[in-house]
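Spelled out from the first residue to the last, the chains are:
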Amino acid sequence: MFHRINRISTVSLVAAFSASILHGQASTLNIDINRPKAAVSPTLYGLMTEEINYSYDGGLYAELVRNRTFRSDWTGILNWFLIEKGSASARVAVDNREGPSTALRTSARLQVTKADAGNPAGLLNEGYWGIAVRPNTQYKGSLFAKSDSAGPLPVKLALVSDQSGQVLGQTSVSVSGTDWREYKFEMRAGNVKASSENHLELTIDRPATLWLQLVSLFPPTYHDRPNGNRIDIMEKLAAMHPSFLRFPGGNYLEGGRISERFDWKKMIGPLVDRPTHPTTWSYHSTDGMGLLEFLEWCEDLRMQPLLGVFAGYALNGELAKPGPDLEPYVQEALEEIEYVTGGAETKWGALRVRDGHPAPFALRYVEVGNEDSFDRQRTYDGRFAQFYNAIKAKYPNIQVIASFPVKGTTPDVVDDHYYKREQGMFEEAGHYDKTDRNGPKIFVGEWATREGSPTPNFGAALGDAAFMTGLERNSDVVMMAAYAPLFVNVNPGGMQWSSDLIGYDALNSYGSPSYYAQVMFSSCLGDHTLDSSVSGTGDKFFYSATTSSKILCVKLVNAASVEQPITINLTGLGNAGHSAHVETLRAATTWATNTIADPKPVVPVRSTVSIKGERMPYTVPAYSIQVLEIELK
Ligand code: AHR
């Protein structure tokens, strides 16, 4: 179907155009290349992220062992299962009195009463819906352990196929003594078939009691970062050319209650010093993706951090009133900013240096809270003012973002959120056309067309693309925008919110049609909009025209089920011939989509169109999103 577009000839385009005139439907898009209108923000497209839908644990964060700290639920041993091979006999339980650190005060106690070399006993970890094992791949792991005897206790670790029982990689560590110690190990999978139907086995071959904590295993990561991210997902993000990352939420920032907020001080430093915490999205976070990991993620993809700071309000309505009650949280935010930006001579900057990142990060945007319009006591005006004044006093160059419009203080930027159906997003495409240019700038910090689950279908991508034309047209005031949520683990129970931009399981990931719309829009942005007008098109036609000194970007969205013939007048292009690269995303129905099993039915197809002179007869295919990139000479 997509290859057909490549073969649309100029002759057929002209024929379709003539036919439309015959039927009295002449449509025109006028773009004047010599008349720039408004600046396009270079930071328009970015990412928004939080721990939801197993975004980090079981998602981007590459850890393979699930419930590595035995803290996921009240039993402590969720995702872990006893192994008793042959005549072996063992028990496992959480030991509430034994742990390797102040943060991790508990552990799993494995009591093996009967075992030998032919009859080992131990624990099995099921991973996040399996453990991905790839051929010729090195896995790096670590665990904290102690035993009940002074002598060495060999602990065997193996990656094992669920179905065949084949050992895909193995190694062992020798646990010595009755004190907690960290043990590191590596194992290699040989020439095996890539699969995710595997688990981790940890066994001993003699009677003993073994205490375990923080059992961790990583595959190779993006940029080889220790404690790093999945390569396939990072590559998908890189293709979006994101300019910023809004983190850590979203509701995840706020917490279900204040004690469950994103408490950044508990999410830095060695993993053994991170207590982990329950999230608002019904599962427990390992907090392996802590403050520094978010910043390194920014560094890896050259994104600006857009840091959300906890604003003294949790989702259950618990809040710290403006004034002395709020002050500890204001200080916590200032310290967080110092951790991000401070030099080694500062208290919190020194901690970042200790954590392995000597260079300070540049930080231009800080958002105070998230969706504080939900605060029924209406305290956000006061809370925002207190944060704003404190941040500006210490960091005058930081742009302070309000999570919704406030009274009494003028924020630098206000965050707007949109979650709508396709029709709703078509209507919102004109939302910012009349926005006051003298007020605060706009950050569309969360938006999505919610059609399709777990990931959006093509109809949603059309809604998204229509909305993005409005963002681009108004990008002098809309300086940043980010789709949300970004990620979903598509396994049963993995999703708490649909629709989500990128889906994955333990082994594979895929982009939704909406993902590809984002990739296409951000690949040709330009630095200013052009004077333009359209006439004669249906109400499901949207466009944007931007340019830089070298390139003209024309985005065309035809959300109708019939093709849209149109004359594109490119005033100022001149009579020398030009060729346009055209990226087309299209589908036969709005319900067409990509899935984990079939990831590529709806993907962009590249073609070329010759432009002769300034008048370009053109046909925009039915149900299509197109980006025309025209080189200016
Ligand atoms: O994106 C999902 C949720 O939607 C976010 O956590 C919250 O900010 C919004 O309500």
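The rules behind the values
- As a convention, each chain's residues are numbered from 1 in the sequence order in which they are written.
- Local features in this predicted model are restricted to residues whose pLDDT is 70 or higher, and side-chain atom pairs enter the listing and the counts only when it is 80 or higher, whereas totals over whole chains, interfaces and linings include all residues.
- The basis for the side-chain values is all heavy atoms of the structure; hydrogens and waters are excluded.
- Lines fitted to the C-alpha atoms define the axes, with helices restricted to the stretch that makes contact. Angles between their N-to-C directions range from 0 to 180 degrees.
- Secondary structure is summarised from DSSP: a helix means a run of H or I of at least four residues, a strand means a run of E of at least two, and numbering begins at the N terminus for each.
- If an angle is under 35 degrees, it is roughly parallel; if it is over 145, roughly antiparallel; if it lies from 65 to 115, roughly perpendicular; otherwise it is oblique.
- Crossing chirality is assigned from the near helix's rotation relative to the far helix, an anticlockwise turn below a right angle marking it left-handed and a clockwise turn marking it right-handed.
- Should any heavy atoms of two residues lie within 4.5 Å, those residues are counted as being in contact.
- Side-chain classes follow a simple rule in which Ala, Val, Leu, Ile, Met, Phe, Trp, Tyr, Cys and Pro form the nonpolar group, Asp, Glu, Lys and Arg form the charged group, and the remainder, Gly included, forms the polar group.
- Note on terminology: near, applied to a residue and a molecule or strand, indicates that one of the residue's heavy atoms is within 4 Å of it.
- By the criterion applied in these results, polar contacts are pairs of N or O atoms within 3.5 Å in which, for protein atoms, one can donate a hydrogen and the other can accept it, and in which residues neighboring in sequence qualify only through two side-chain atoms.
- To measure how exposed things are, a 1.4 Å probe is used in the Shrake-Rupley method; for residues, cover is taken only from the protein chains shown.
- What makes two strands pair is DSSP finding at least two bridges between them.
- Definition used in this section: a nonpolar core is a set of buried Ala, Val, Leu, Ile, Met, Phe, Trp, Tyr and Cys residues joined via side-chain atoms within 4.5 Å.
- Buried means the residue's accessible area, taken with a 1.4 Å probe over protein chains only, is under 20% of the maximum for its type, while exposed means over 50%, and partly exposed covers the values in between.
- Where each domain starts and ends comes from a domain assignment, either automatic or drawn from a database.
- Multiplying 1.5 Å by the helix residue count minus one yields the expected span of that helix.
- By convention, a stacked pair of Phe, Tyr or Trp rings (six-membered ring in the case of Trp) has centres within 6.5 Å and planes under 30 degrees apart, an edge-to-face pair has planes over 60 apart, and any other such pair is tilted.
- The quantity reported as buried area is the accessible area (1.4 Å probe) lost by two parts once they are put together, taken as the sum for both.
- Salt bridges, as used here, are contacts in which a Lys or Arg side-chain nitrogen is within 4 Å of a carboxyl oxygen on Asp or Glu.

Side note on the packing of helix α7 (residues 327-341) against helix α8 (residues 347-354)
For the pair α7 and α8, the least separation of the axes is 7 Å and the interaxial angle reads 50 degrees. Comparing the axis directions of α7 and α8 gives the class oblique. Once α7 is placed against α8, the crossing between them reads as right-handed. Contacts between α7 and α8 involve E335, E338, Y339, V340 and T341 from the first element and K347, W348, G349, L351 and R352 from the second.

Some words on the packing of α7 against helix α9 (residues 380-394)
In the contact formed by α7 and α9, the axes pass within 10 Å of each other and the chain directions differ by 35 degrees. Every pair of crossing elements has a handedness; the one defined by α7 and α9 is right-handed. Where α7 abuts α9, its residues E327, Y329, V330, A333, L334, I337 and E338 lie against Q386, F387, A390, I391 and K394. Considered class by class, the residues forming the contact of α7 with α9 number eight nonpolar, one polar and three charged.

Structural notes on the site of the ligand
Taken together, E50, G250, N251, W281, N370, E371, Y419, E446, P485 and W497 make up all the residues around the ligand. A distance of 2.7 Å is found between an oxygen atom of the ligand and a side-chain nitrogen or oxygen belonging to Y419. One nitrogen or oxygen atom from the side chain of E446 is found 2.7 Å from an oxygen atom belonging to the ligand. In isolation the ligand exposes 290 Å². Once the protein is present, 94% of that is buried. Of the residues in the shell around the ligand, the class split is four nonpolar, three polar and three charged.

Describing the sheet that holds strand β20 (residues 441-449)
Strand pairs in the sheet, formed through backbone hydrogen bonds, run parallel or antiparallel to each other. Here we have eight strands rolled up into a closed barrel, ordered β2-β13-β16-β17-β18-β19-β20-β21, and parallel in their pairing. The mean inter-strand angle of the sheet, taken between neighbouring strand axes irrespective of direction, is 25 degrees. With four bridges connecting them, strand β17 (residues 365-368) and strand β18 (residues 399-402) associate as parallel partners. Within β18, the position partnered with E367 by the bridge is I401. Set on the sheet, helix α11 (residues 458-473) makes contact with β2 (45-48), β19 (413-420), β20 and β21 (478-483); between it and β20 the angle comes to about 170 degrees.

Things to note about the nonpolar core
Counting residues in each nonpolar core, the largest one holds 114 residues, and the members touching the most others are L237, W297, F387, V444, W447, L471 and I625. In terms of residue count, the dominant contributor to this core is α11 (eight residues). Lining this core are residues from two domains, each supplying at least three of them: domain 1 (72-218) and domain 2 (240-501). Sequence-distant contacts of F387, defined by excluding residues within four places in its chain, comprise V309, F310, A311, L326, Y329, V330, A333 and V368.

Overview of unusual backbone geometry
Leaving glycine out, the prevailing phi sign among residues is negative, and the prevailing peptide bond configuration is trans. Along the chain, G249 connects to G250 via a cis peptide bond; the corresponding omega equals 15 degrees. One non-glycine residue with positive phi stands out, namely D224, at about 60 degrees. Its place among the elements puts D224 in the loop between β12 (208-218) and α4 (231-238). Judged by relative accessible area, D224 falls into the exposed class, the value being 64%.

Brief notes about the sheet that holds strand β24 (residues 509-511)
Taking strand neighbours across the sheet as the criterion, the three strands line up as β22-β23-β24 in an open arrangement whose pairing is mixed. The sheet is open, and its two edges are formed by β22 (487-489) and β24, each paired on a single side. Direction aside, the axes of adjacent strands within the sheet are offset by 20 degrees on average. In this sheet, β24 lies alongside strand β23 (residues 502-504) in antiparallel orientation, the contact comprising three bridges. The residue of β24 that forms the bridge with I502 is G511. Contacting β22, β23 and β24, α4 runs over the sheet at an angle of about 15 degrees to β24.

Considering helix α12 (residues 513-523)
When you tally the buried positions in α12, you get ten out of eleven residues, the bulk of the element. The complete set of buried residues in α12 reads P513, S514, Y515, Y516, A517, Q518, V519, M520, F521 and S522.

So, α7
In this model, α7 (15 residues) spans 21 Å end to end at C-alpha, consistent with the 21 Å of a helix rising 1.5 Å per residue. Among the residues of α7, Y329, V330, E332, A333, L334, E336, I337, E338, Y339 and V340 are the ones counted as buried. Looking at the buried side of α7, the elements it contacts are α6 (291-300), β16 (304-309), α8, β17 and α9.

With respect to the packing of aromatic side chains
All chains considered together, the criterion is met by 27 aromatic pairs. Judged by centre distance (5.4 Å) and plane angle (70 degrees), the rings of W447 and Y483 are edge-to-face. A residue pair is termed long-range when its members are at least 10 positions apart, and W447 in strand β20 and Y483 in strand β21 qualify at 36 residues. Of the two residues examined, W447 and Y483, each falls in the buried class.

Here we look at the environment of P454
Within the secondary structure, P454 is located in the loop between β20 and α11. Its relative accessible area of 23% is what places P454 among the partly exposed residues. For the pair P454 and S499, spaced 45 residues apart in sequence, the C-alpha to C-alpha distance is 5.5 Å. Setting aside anything within four residues of it in sequence, one finds P454 in contact with V488, V490, M495, S498, S499, D500 and Y510.

Comments concerning the domain arrangement of the chain
Entries for the chain in the domain assignment read domain 1 (72-218) and domain 2 (240-501). One C-alpha centre belongs to domain 1, the other to domain 2; they are set 37 Å apart. Taken together, the contact between domain 1 and domain 2 spans nine residues of the former and twelve residues of the latter. Both faces combined, the contact of domain 1 with domain 2 buries some 810 Å², and carbon together with sulfur accounts for 69% of it. Applying the counting rule to domain 1 against domain 2 returns zero salt bridges.

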